[in-house]
Amino acid sequence: MPVSEILGGIIEWSVASLPRRGEVESGDCSVVKFAGDEVLAAVVDGVGHGEEALAAARLVTDILQEFSGQQSLTELMNKCHEKLRGTRGAVASMAILNVSSSTLTWLGVGNIEGQLLRSEFRFAESSVKVQETLLLRGGVLGHRLPHLISTTISLNYGDLLVFATDGVRPDFAGGIYNSSSVQRMAQSILDHFALGTDDALVLAVRYLHE
Ligand SMILES: [Mn+2]
């Protein structure tokens, strides 16, 4: 069963994950942290798999757990990059959902896919794109940091953010609709698209602020 939580009545999230076939531990981790008027949601994949990959990923999640609502994604990525020097490294995609401005700011280093699926209530408005895709920047935290430029887009009630590691087939994005609970969304993406040859993790976060 996926792990889920509702935070402050503002977001609802769920994470579903599966280690690579034959492994007990997954090197894929997620963090959801509520601070001030912001929620940080992030997914991290330690390079490789098993214990060493998990150790690298944990260095990132430790930093992200300290999120206080004051740091930008660029600052957080830089901090993680410094901390991971000398390790296997990790890739990460991160988002900050701001409740005051109803915006999503996101940034990805490596290959963790990010999708924002608009609430079905908005489909009728032709000006709204049904789906937004995170622009990923090549690199590995701890080894090679790309030029960090985050993107900010508007958020509306019911919008769903999905992050998926590379253990999930990247074409998952073409076959999903923002149509059920965060638990079901996370679990069904994992069930239908996990490769089995690598750790796989799906994080789903729904924005519930009016
Ligand atoms: Mn992986």
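Above: the structure in question.
First, a word on what this report is: a plain description of the structure on this page. Here the structure is a predicted model, which means the values were calculated and not measured. (Residues numbered from 1 in each chain as written. Predicted model: local features only at pLDDT ≥ 70, side-chain atom pairs only at ≥ 80, totals over all residues. Heavy atoms only, no water.)

Looking at the overall build of the chain
- The secondary structure content of the chain amounts to three helices and twelve strands.
- Taken over the C-alpha trace, the chain has a radius of gyration of 16 Å; the compact-globule value for 210 residues is 17 Å, and the two agree within 12%.
- Taken along the three principal axes of its C-alpha coordinates, the chain extends 50 × 35 × 30 Å.
- Counting the 210 residues in the chain, one finds 53% classified as buried.
- Summing over all exposed atoms, the chain offers an accessible surface of approximately 9,300 Å²; the carbon and sulfur share of this is 50%.
- Looking at charge distribution, the chain has the averaged site of its 16 positive side-chain charges lying 3 Å from that of its 25 negative ones. (Helix = DSSP H or I, 4+ residues; strand = E, 2+ residues; numbered from the N terminus. Rg over C-alpha atoms; globule rule 2.2 N^0.38 Å. Buried < 20%, exposed > 50% of the residue type's maximum accessible area, 1.4 Å probe, protein only. Areas by Shrake-Rupley, 256 points an atom, 1.4 Å probe, with all protein chains shown as cover. Lys, Arg positive; Asp, Glu negative; His and termini not counted. Charge placed at Lys NZ, Arg CZ, Asp CG, Glu CD.)

Overview of the coordination of the manganese ion
- Listed as protein donors to the manganese ion are Asp45 (OD), Asp166 (OD) and Asp198 (OD); their distances from the metal cover 2.1 to 2.3 Å.
- Ordering the donors of the manganese ion by residue number gives the pattern D-x120-D-x31-D. With a gap of 153 residues between them, aspartate 45 in strand β4 (residues 38-46) and aspartate 198 in the loop between α3 (182-193) and β12 (200-207) connect regions that are remote in the sequence.
- On the basis of relative accessible area, aspartate 45 is assigned to the buried category, the value being 6%.
- Taking the relative accessible area as the measure of exposure, aspartate 198 reaches 16% and is therefore buried. (Donors = N, O, S within 2.8 Å, 3.2 Å for Na, K, Ca; no water.)

Examining the packing of aromatic side chains
- Going through the model one piece at a time under the given rule, you end up with one aromatic pair.
- Aromatic pair phenylalanine 172 and phenylalanine 193: ring centres 6.5 Å apart, planes at 65°, arrangement edge-to-face. Remark: phenylalanine 193 occurs in helix α3 and phenylalanine 172 occurs in the loop between β11 (160-164) and α3; sequence separation between them is 21 residues. Each member of the pair, phenylalanine 172 as well as phenylalanine 193, carries the same accessibility label: buried. (Phe/Tyr/Trp six-rings, centres within 6.5 Å; stacked < 30°, edge-to-face > 60°.)

Topic: the sheet that holds β12
- In spatial order, the strands read β1-β2-β12-β11-β7-β8; together these six strands make up an open sheet with antiparallel pairing. In this open sheet, the two edge strands, each paired with only one partner strand, are β1 (3-7) and β8 (131-133). Strand-to-strand twist of the sheet, defined as the mean angle between neighbouring strand axes without regard to direction, takes the value 15°.
- Those strands touched by α3 are β1, β2 (11-18), β7 (113-117), β11 and β12, and its axis lies near 25° from that of β2. (Pairing = 2+ DSSP bridges. Axes fitted to C-alpha atoms, helices over the stretch in contact; angles between N-to-C directions. Contact = heavy atoms within 4.5 Å.)

Remarks on the pairing of β11
- In terms of burial, β11 is largely enclosed, as five of its five residues are buried.
- Neither face of β11 is exposed, since Leu160, Val162 and Ala164 on one face and Leu161 and Phe163 on the opposite face are all buried.
- Bridge count for β7 against β11 is five bridges, and the pairing is antiparallel. Each bridged residue has a counterpart across the sheet, and for glutamine 115 the counterpart in β11 is valine 162.

Side note on the environment of alanine 200
- With respect to the secondary-structure elements, alanine 200 resides in strand β12.
- Among the residues examined, alanine 200 registers a relative accessible area of 1% and is labelled buried.
- Expressed as a C-alpha distance, the spacing of alanine 200 and glycine 27, which sit 173 residues apart in the sequence, is 8.8 Å.
- Contacts of alanine 200, omitting those with residues within four sequence positions, involve Ala16, Ser17, Leu18, Asp28, Thr165, Gly167, Val168, Leu190 and Ala194.

A word on unusual backbone geometry
- Residue serine 102 is not a glycine yet carries a positive backbone phi of 45°.
- Its place among the elements puts serine 102 in the loop between β5 (90-98) and β6 (103-109).

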